[in-house]
Amino acid sequence: MKKVMRLLLAAAVLVGLTSCNSNDDLGSQEIEIPGVTIDGDVDCCSAEEALQVYHFLQTVKIIPELSTVVDGQYNVFAYSKTGAFHTGYNEIFFVATKKKNGNYIKNFDIDGLKPLMLMVKMNMKHSTPVGGDAVSFNNDYLAVKRTWVSFVMSTSEAGSWTLGYHASVLGAEGGIEAKDITVGELPEGQQWLKSFKVGNDTYYLSLVNPTDWQTGKNAITAYVSKKNTPATTPYGLAEEQFTIEIDPRMPDMGNHTSPDNVALSKQSDGSYQGTVNLTMTGRWRIHLAIKDAQER
């Protein structure tokens, strides 16, 4: 098979400085941290784990329309980096608490993530790539579950999105069947998702949060998903194996490239990981070329 897809991503690599000022010191303040007072609650986190959850939640924003109550006893809260969605890759984080005391719960499950778009003029529905069941993403955050969804289109007059999921909290079942959500556009020049075809099959490559570029070597991660039949079924990770070559270029500097880039290869968790080397500050265009595993 020849190269089947090229993805172009514009990346601005900027270097900035920040300064500290003694006037920034506002003195000590007392704050109440929810979920830290355990009071012998064996279903919940330790005080240390709860504190880790609390600190993590200061880095994300709640998605109100995807938060719910399970069995009248438990809250399930959903979060993203901005509290909103955009085209391409979006991480979604979930936290569960007890309504009676606010304590975080470590043993809960989120699965069945179901994004669905209604195409108004065509009177048809389709889904989009998803990351599967939400899981704890490292040992420091066992009470935070993470998954992702990569939206192929933005919300517009032509189509609207709903999103649902199933939640199981300490044996109680619940979740959200389908809530209306808004999917916005990425800034001009950014494209985090691209489709390509192999034979009659359609695949999607989703770049993972390619926003925090720095000069030098940058880790780059992506997922390859396969469109399902019927198209209303969420698109899971492709079983096929590909190689994703990287070719960064600087259009304002004679379109030169950079050395020491490492092609993305498939990992045990299903992701593709590699390295892009950005040798100087400025505007870069990053070309990705997908090949199947047999092509030389």
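Look up a bit, the structure's there.
Let me begin by describing the structure that accompanies this report. The structure displayed is predicted, hence computed values, not measured ones. (Residues numbered from 1 in each chain as written. Predicted model: local features only at pLDDT ≥ 70, side-chain atom pairs only at ≥ 80, totals over all residues. Heavy atoms only, no water.)

### Focus: unusual backbone geometry
Selection rule: Numbering of helices and strands runs from the N terminus; a helix is a DSSP stretch of H or I covering at least four residues, while a strand is a stretch of E covering at least two.
Note the cis peptide between threonine 229 and proline 230, where omega equals 5 degrees. Inspection of the secondary structure assignment puts proline 230 in the loop between strand 17 (216-226) and strand 18 (242-249). Not every positive phi belongs to a glycine, and aspartate 260 is a case in point at roughly 65 degrees. In this structure, aspartate 260 sits in the loop between strand 18 and strand 19 (262-266).

### Here we look at the environment of glycine 164
Keep this limit in mind: Relative accessibility decides the category of a residue: with a 1.4 Å probe and only protein chains considered, values under 20% of the type maximum give buried, values over 50% give exposed, and everything between is partly exposed. Every residue pair with non-hydrogen atoms within 4.5 Å of one another is taken to be in contact.
Its place among the elements puts glycine 164 in strand 12 (residues 159-169). Glycine 164 gets classed as buried once you look at its relative accessible area, which sits at 1%. Expressed as a C-alpha distance, the spacing of glycine 164 and leucine 66, which sit 98 residues apart in the sequence, is 7.7 Å. Each residue touching glycine 164, except ones within four places of it in the same chain, is listed here: Gly112, Leu113, Lys114, Ile176, Glu177 and Ala178.

### As for the nonpolar core
Convention followed: Take the buried Ala, Val, Leu, Ile, Met, Phe, Trp, Tyr and Cys residues and link them wherever side-chain atoms come within 4.5 Å; each set so joined is a nonpolar core.
Within the largest apolar cluster, 30 residues are counted, with the highest numbers of intra-cluster contacts made by Leu66, Val76, Phe85, Phe94 and Tyr165. Of all the secondary-structure elements, those providing two or more residues to this core are strand 4 (74-80), strand 6 (88-98), strand 8 (108-119), strand 11 (145-151), strand 12 and strand 13 (172-181). Ignoring anything within four residues of it in the chain, the contact list for valine 76 reads Leu66, Ser67, Thr68, Val70, Phe94, Val95, Ala96, Ile110, Tyr165, Ala167 and Val169. In this structure, Ala222, Ile244, Tyr272 and Leu278 belong to the second largest nonpolar core, which totals 21 residues.

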